[in-house]
Amino acid sequence: MTNRSYNTLKYSVNSSIAEITLDRPPLNLIDEESTLEYHAALRAADSDEDAKVIILSGAGKGLSAGVDLHFLEQFDSADMERFLRLFYVETLALVRGLSKPIIAAVHGYAREGACTLAFACDMIVAADDADFGFPGVPNLAGPPGMHVWYLQRLIGRMRAAELIFTGEPIPAVEAHQLGLITRLVPAAELMNETRALAHKLSKMSPLALKRTRDLLYEMEDMKFQDVPEVALKALAAAFDSTDGKEARRAFIEKRKPKWTGK
């Protein structure tokens, strides 16, 4: 088991799973220090050969209540742009560039910037006590940044507009019905269910997971006429990999495969 020391989060690796837990009581509010530590933890997890899957969660009563408004109090537009470049641009680039899947485990509240962290992940497992809110318009008199992009693609422009304009939180049950989250589970089972999903992924070829993850993002906004050629090359390349050959042999021989990640 691997542990690293941070001021605003907890980090550990156990049973092939790296867990990053936001831990800045009482609300896990986001500021520059917590953002930089999250980046450091992501890099640590991605470079750790013992970690095959990453889980993001929050300590206490929720994932996070969003960005710390006291931290922003004296900001002008240039300060805000600099911080958002760190929080939005660099965080999303880091997450998308990971070589491993990342799953968000969300309980309690997830507000604004916390939703950014969750929706940037590959999957979200949410407790039935969770809710998601985007209070930028009513609370900050400004648009909620990346959520304008995320929400429209996930649930359509009109439903996204209602959530963004009103800032009213959406409960996990409704979020699941709308396709905003991957799985809805009882609150008491959140981490067990999330770890079970992560453990299942950790048994798969790390090379296949990386290549598939890369393909998901590459195809996200691709024109359809470009898709067949990209898909063909991605699948054909897999047949030359050591893991691809091992997968076929193991299936024929009715045994568990032994992955090398090559």
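In the block above lies the structure referred to throughout.
Nothing here was measured: the structure is a model prediction, and the numbers come from that model.

Visitor: Kindly report on the packing of helix α1 (residues 32-47) against helix α3 (residues 77-96), identifying the contributing residues and their values.
Guide: Between α1 and α3, whose axes approach to 11 Å, the crossing angle comes to 15°. In terms of orientation, α1 and α3 fall into the roughly parallel class. Two packed elements cross with a definite hand, and for α1 against α3 that hand is left-handed. Judged by residue contacts, E32, T35, L36, Y38, H39, L42 and R43 of α1 engage R82, F83, L86, F87, E90, T91, L94 and V95 from α3. Tallied by class, residues from the contact of α1 with α3 come to eight nonpolar, three polar and four charged.

Visitor: Give a description of the pattern of salt bridges that names residues and reports values.
Guide: In this structure the tally under the stated criterion is 13 salt bridges. The salt bridge involving R213 is made with D122; its shortest N-O contact spans 2.7 Å. Pair noted here: R213 is in helix α10 (residues 206-219) and D122 is in the loop between α4 (113-119) and β7 (123-127), with a separation of 91 residues, a long-range link. For R213, a relative accessible area of 4% translates into the label buried. Measuring nitrogen to oxygen at the nearest pair gives 2.8 Å for the salt bridge that ties R159 to E162.

Visitor: Pulling in residues and values, what's your account of the packing of aromatic side chains?
Guide: A complete count under the given rule lists seven aromatic pairs for this structure. Plain terms: the ring middles of F71 and F75 are 5.1 Å apart, the flat faces sit at 65° to each other, and that makes the pair edge-to-face. F75 sits in the partly exposed class, given a relative accessible area of 24%. Pairwise contacts between aromatic rings join F71, F75, F83, F87 and Y88 into one cluster.

Visitor: Lay out the sheet that holds strand β9 (residues 170-171) with the relevant residues and their values.
Guide: In spatial order, the strands read β6-β8-β9; together these three strands make up an open sheet with mixed pairing. The open sheet has two edge strands with one neighbour each: β6 (109-111) and β9. With two bridges joining them, strand β8 (residues 131-133) and β9 adopt antiparallel strand pairing. If you follow F132 over to β9, its bridge partner there is I170.

Visitor: Quick rundown of the pairing of strand β4 (residues 53-58)? Include the residues and the values.
Guide: Of all six residues in β4, six are buried, a share of seventy percent or more. In the classification by handedness, the crossover that spans strand β3 (residues 17-22), the intervening α1 and the parallel β4 is right-handed. Of the pairings in the sheet, the one linking β4 to strand β5 (residues 102-106) comprises three bridges and is parallel in character. Paired with L56 across the bridge in β5 is A104.

Visitor: Provide a residue-level description of the nonpolar core, including the pertinent values.
Guide: By size, the foremost hydrophobic cluster in this structure holds 54 residues, and its most contacted members are Y11, I20, Y38, V106, I124 and F132. Sort the elements by how many residues they give to this core and α3 lands first, with seven residues. Apart from the residues lying within four places of it in its own chain, the contact partners of I124 are A104, V106, A118, F119, F132, L180, I181, T182 and R183. Membership of the second largest hydrophobic core comes to 13 residues, among which are I17, V185, L197 and L201.

Visitor: Requested: an account of the pairing of β3, with residues and values cited.
Guide: When you tally the buried positions in β3, you get six out of six residues, the bulk of the element. Side chains I17, E19 and T21 of β3 all project onto a buried face; the interleaved residues A18, I20 and L22 project onto the opposite face, where all are buried too. Between strand β2 (residues 9-14) and β3, which pair antiparallel in sequence order, lie two residues; one of them, S15, sits at a positive phi of approximately 50°. Sheet topology places β3 next to β4; six bridges connect them, and they run parallel. By the bridge assignment for β4, E19 is matched with I55.

Visitor: Kindly report on the packing of helix α6 (residues 147-155) against helix α7 (residues 157-166), identifying the contributing residues and their values.
Guide: Between two packed helices, the angle of one axis relative to the other and the distance separating the axes together describe the packing. At a closest axis distance of 7 Å, the pairing of α6 and α7 adopts a crossing angle of 135°. It follows from the interaxial angle that α6 and α7 lie oblique. The way α6 lies across α7 gives a crossing that is right-handed. Residue-level inspection shows H147, V148, L151, Q152 and I155 of α6 in contact with α7, the latter providing R157, R159, A160, L163 and I164. Of the residues in the contact of α6 with α7, the class split is six nonpolar, two polar and two charged.

Thresholds applied
- Residues numbered from 1 in each chain as written.
- Predicted model: local features only at pLDDT ≥ 70, side-chain atom pairs only at ≥ 80, totals over all residues.
- Heavy atoms only, no water.
- Axes fitted to C-alpha atoms, helices over the stretch in contact; angles between N-to-C directions.
- Helix = DSSP H or I, 4+ residues; strand = E, 2+ residues; numbered from the N terminus.
- Parallel < 35°, antiparallel > 145°, perpendicular 65-115°, else oblique.
- Left-handed = near helix turned anticlockwise from the far one by under 90°.
- Contact = heavy atoms within 4.5 Å.
- Nonpolar A, V, L, I, M, F, W, Y, C, P; charged D, E, K, R; others polar.
- Salt bridge = Lys/Arg side-chain N within 4 Å of Asp/Glu carboxyl O.
- Buried < 20%, exposed > 50% of the residue type's maximum accessible area, 1.4 Å probe, protein only.
- Phe/Tyr/Trp six-rings, centres within 6.5 Å; stacked < 30°, edge-to-face > 60°.
- Pairing = 2+ DSSP bridges.
- Right-handed = clockwise from strand over helix to strand, strands pointing away.
- Core = buried A, V, L, I, M, F, W, Y, C linked by side-chain atoms within 4.5 Å.

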